[in-house]
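Residue-level structural notes
Below, each chain spelled out in residue letters.
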Amino acid sequence: MDNRIPKVIKDFVNPKKVEEDEIDGYSYLSFGDWIDEKDYLKSDWILIAKIDDSRKNEDLTTISCFVSPPDEKSKEILFKRNDWEINSEFGIPYIDGNLNNEWDFEKSLKYKIKGLTLKPFVIRRDFHSYIPSRFELIQHFLLYYKAFWVEEKQEFQVIETNGDVNAIVKHNTKSEDFEEIYINTIYLRNYLALTKSYLIRFHDHRRKFEKKMPFESKDASFKNDDCSYNIEVYNESFIKGFQSYSRLLGKDIIKPFEKPTLNFSFEKLETDYENFIYDISENGKNIEFSCNKKLLSSYFKDTGAPNFLTPIYFNKSVLLKYYSEPKKYTVSSHRFTCLNLWGIDLDITAENLVQVWLGDLSSLPKNEQLHWKQYNVPPRGKISHHRFERDFEAKFSSPTVEQSPISYLMMAYDELNSSINAEFSENLFLELTKNDLHYLKILRIPLTEEWKEFDEQIQVLAKIFCDSINVKLLERISGKKIDNKEIKGSISLFYVTLEKIGIEKEDINLTIESLQAIQSIRSTGSAHRKGEKFEQSLEKYKLNNLSNENKIKELTIKLYYGLNTINKKLIVNNVN
């Protein structure tokens, strides 16, 4: 191969156009373009099933099954003849024999020939024209990879051990005359290695051409180590508008990997562990060590290496990735997890850094370790007091409100909802809809000073609190409605309702002012162009001289204290 020319060029260079004459017709009928494509050697997606009767001049059929053992003798036996050993319904159970005598109900699940065993992979199911026929993959393949169907994309997807979500099967159905299935080649060849088999594809393709060939018939068969196609080209006028015809009948082989890959297991190699900064030398150079817990010292042994519980520090931006995909990741002030696959305990220090233990980093997949490594910084400050108590003294210890304001705010949110529900059988703050639930997972103190992040968090606070006030409940309790005069909106109605149930004004104001601040900042800046009114809102609520991080922190803490105070007053009033 000449590496001076990039390999990708061939995907974008159109072949030279050839005039349509009899020779070009023969090239088309002899499937030269289809053979040259060699899709069985492609490295991304493999076609494993196809029905295409959508064009007048072409009918294409492909179906696949497994064959074992995967050796040269198997190929020799299979390629000796181009006829199919199976049909498109291979794998569908049926009764073989007389019901009054012995029968083999599972005979159709295997086919044996000269020491080879064929097993189904894709099955063509027919429903007597009641609903359209369709291809289906065997469940064994889908179950092994824990694949799930995504309707809107018409594909099966899988969740990798590192948390990535990848397409594994693409199922394309344009009409009753067109259906095809592609398999991600890596997953397919890994599965073939696990099952110790080849994938054999059976093809039955027909083509028609409007002109006659300069011969009555011709053999255009093609064969190599991986395929064998019998191709006949001949003149035939039995179909109106066409005078020549061809048929390709044959097989090709998809080979397995030499052995199953480790990409699909939790087993790790020595190379799957990154080094992280844990100290600084006298000369100011970073000192690193592997997070491989097998190499680290512990209470039970001294390996000469740092202890498992060596604090490692990171810039807070390391967490942005996880907040951006709330469907997959859950982040709190003390832990983040990826579904139920893996997770790691963490803490936010007084230096505003994310701190984790060196040994815990070994539980992360390699690509996640590389992500964290980008944000790794030399030690600065020390671990928090509550983390020391929790991890070293086995005490129940929590951060303060100032250290973890979001946790406290959401605790107050839940408790006040519960108290109101116990009294009035409805929540004060309505539950978010299915498509808005992610807001509960991305609420945070900003990790950066970017206005984008500030705007997002204002929108989140407004969605969870201001927009979710249960107006109908407040109307029922207060006996009043929003009239855009005395009561101008849901926050004003909330104020009136709190007065009605006996909460003192000074206890109401902290909550109401916090909600009004969130609403005002969103209206003047986060949801619209920022300008003079936005600056006035910040100044009105004494946030103008704070960093974006502290603006959200201040709003969050005030709202927590307000909700918490109201809840305590409700509990006291109910007791009395």
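Residues numbered from 1 in each chain as written. Predicted model: local features only at pLDDT ≥ 70, side-chain atom pairs only at ≥ 80, totals over all residues. Heavy atoms only, no water.

**A short note on the environment of I46**
Residue placement: I46 occurs in strand β1 (residues 45-55). On the basis of relative accessibility, which here comes to 0%, the residue I46 falls in the buried class. Measuring from C-alpha to C-alpha, the distance between I46 and I254 comes to 8.8 Å, with 208 residues separating the pair along the chain. Setting aside chain neighbours within four positions, we find I46 in contact with D39, Y40, I181, Y182, I183, T185, L188, R201 and I254. (Helix = DSSP H or I, 4+ residues; strand = E, 2+ residues; numbered from the N terminus. Buried < 20%, exposed > 50% of the residue type's maximum accessible area, 1.4 Å probe, protein only. Contact = heavy atoms within 4.5 Å.)

**Brief notes about the state of the cysteines**
If you walk through the whole model with that rule in mind, you get 0 disulfides. Cysteine C227 is unpaired, with the sulfur of C65 as its nearest cysteine sulfur at 17 Å. (Disulfide = S-S within 2.5 Å.)

**A few points about the confidence of the model for the protein chain**
Averaged over all residues, the pLDDT of the protein chain equals 89, while 93% of them reach at least 70. The low-confidence segment residues 16-22 (pLDDT under 50) makes 8 contacts with residues lying over four places distant or belonging to another chain. (pLDDT = per-residue confidence, 0-100.)

**Topic: the nonpolar core**
Membership of the largest hydrophobic core comes to 57 residues, with the highest contact counts inside it found for I48, F121 and F141. At 5 residues, the largest contribution of residues to this core is made by strand β11 (residues 198-209). Once residues within four sequence positions are removed from consideration, F141 is found in contact with F121, I168, V169, I183, Y187, L188 and Y191. In terms of nonpolar packing, the next biggest core, distinct from the first, is built from 54 residues, L416, L493, I557 and L570 among them. (Core = buried A, V, L, I, M, F, W, Y, C linked by side-chain atoms within 4.5 Å.)

**Looking at the environment of I138**
With respect to the helices and strands, I138 occurs in the loop between β6 (134-137) and α4 (139-144). The exposure class assigned to I138 is buried, which follows from its relative accessible area of 15%. Here the alpha-carbon distance between I138 and V122, two residues 16 residues apart in the chain, equals 6.1 Å. Contacts of I138, omitting those with residues within four sequence positions, involve F66, P120, F121 and Y191.

**A closer look at the packing of aromatic side chains**
Scanning the model with the defined rule gives 34 aromatic pairs in all. Ring geometry for Y28 against F209: centres 6.4 Å apart, planes inclined by 45°, an arrangement best described as tilted. You can see Y28 sitting in helix α1 (residues 22-29) and its partner F209 sitting in strand β11, a full 181 residues away along the chain. You'll find Y28 and F209 in the same group, each marked buried. Here the aromatic rings of F429 and F465 are separated by 5.4 Å at their centres, their planes lie at 85°, and the arrangement is edge-to-face. Taken together, the positions of F429 in the loop between α9 (405-424) and α10 (438-442) and F465 in helix α11 (residues 451-466) put the pair 36 residues apart, joining distant regions of the chain. Each member of the pair F429 and F465 is classed as buried. The ring centre of F135 lies 4.5 Å from the NZ or CZ of R124, which sits over that ring. Above the face of the F178 ring, K174 is positioned so that its terminal group lies 4.7 Å from the ring centre. (Phe/Tyr/Trp six-rings, centres within 6.5 Å; stacked < 30°, edge-to-face > 60°. Lys NZ or Arg CZ within 6 Å of the ring centre and 35° of its normal.)

**Details of the sheet that holds strand β22 (residues 347-348)**
Neighbouring strands of a sheet are bound in pairs by backbone hydrogen bonds; such pairs are parallel or else antiparallel. Strand order across the open sheet formed by 4 strands is β22-β23-β18-β24, with antiparallel pairing between neighbours. Since the sheet does not close on itself, it has two edges, and those belong to β22 and β24 (376-377), each with one partner. Judged from the 2 bridges that link them, β22 and strand β23 (residues 354-357) form a sheet pairing that is antiparallel. What sits directly across from D347, in β23, is Q355. Most of the contacts of helix α8 (residues 385-392) go to β23, to which it runs at about 15°, and overall it touches β22 and β23. (Pairing = 2+ DSSP bridges. Axes fitted to C-alpha atoms, helices over the stretch in contact; angles between N-to-C directions.)

**Points about the sheet that holds strand β21 (residues 342-345)**
The strand order across the open sheet built from 3 strands is β19-β20-β21, with neighbouring strands paired in antiparallel fashion. Two strands lie at the open edges of the sheet, namely β19 (329-331) and β21, each paired on one side alone. Neighbour-to-neighbour, the strand axes of this sheet turn through a mean angle of 5°, independent of strand direction. As paired elements, β19 and strand β20 (residues 335-338) share 3 bridges and run antiparallel to each other. Its bridge partner being in β20, V331 is matched across the sheet by F336.

**Looking at the pattern of salt bridges**
Inspection of the entire model under this criterion finds 39 salt bridges. Residue R134 pairs with E136 through a salt bridge whose shortest N-O separation is 2.7 Å. Judged by its relative accessible area of 33%, R134 falls in the partly exposed class. Among the salt bridges present, the one from D391 reaches R390, with a minimum N-O distance of 3.7 Å. By relative accessible area, D391 is classed as partly exposed at 31%. R390 sits in the partly exposed class, given a relative accessible area of 29%. One continuous salt-bridge network, built from bridges that share partners, spans D33, D52, R55, E58 and R207. (Salt bridge = Lys/Arg side-chain N within 4 Å of Asp/Glu carboxyl O.)

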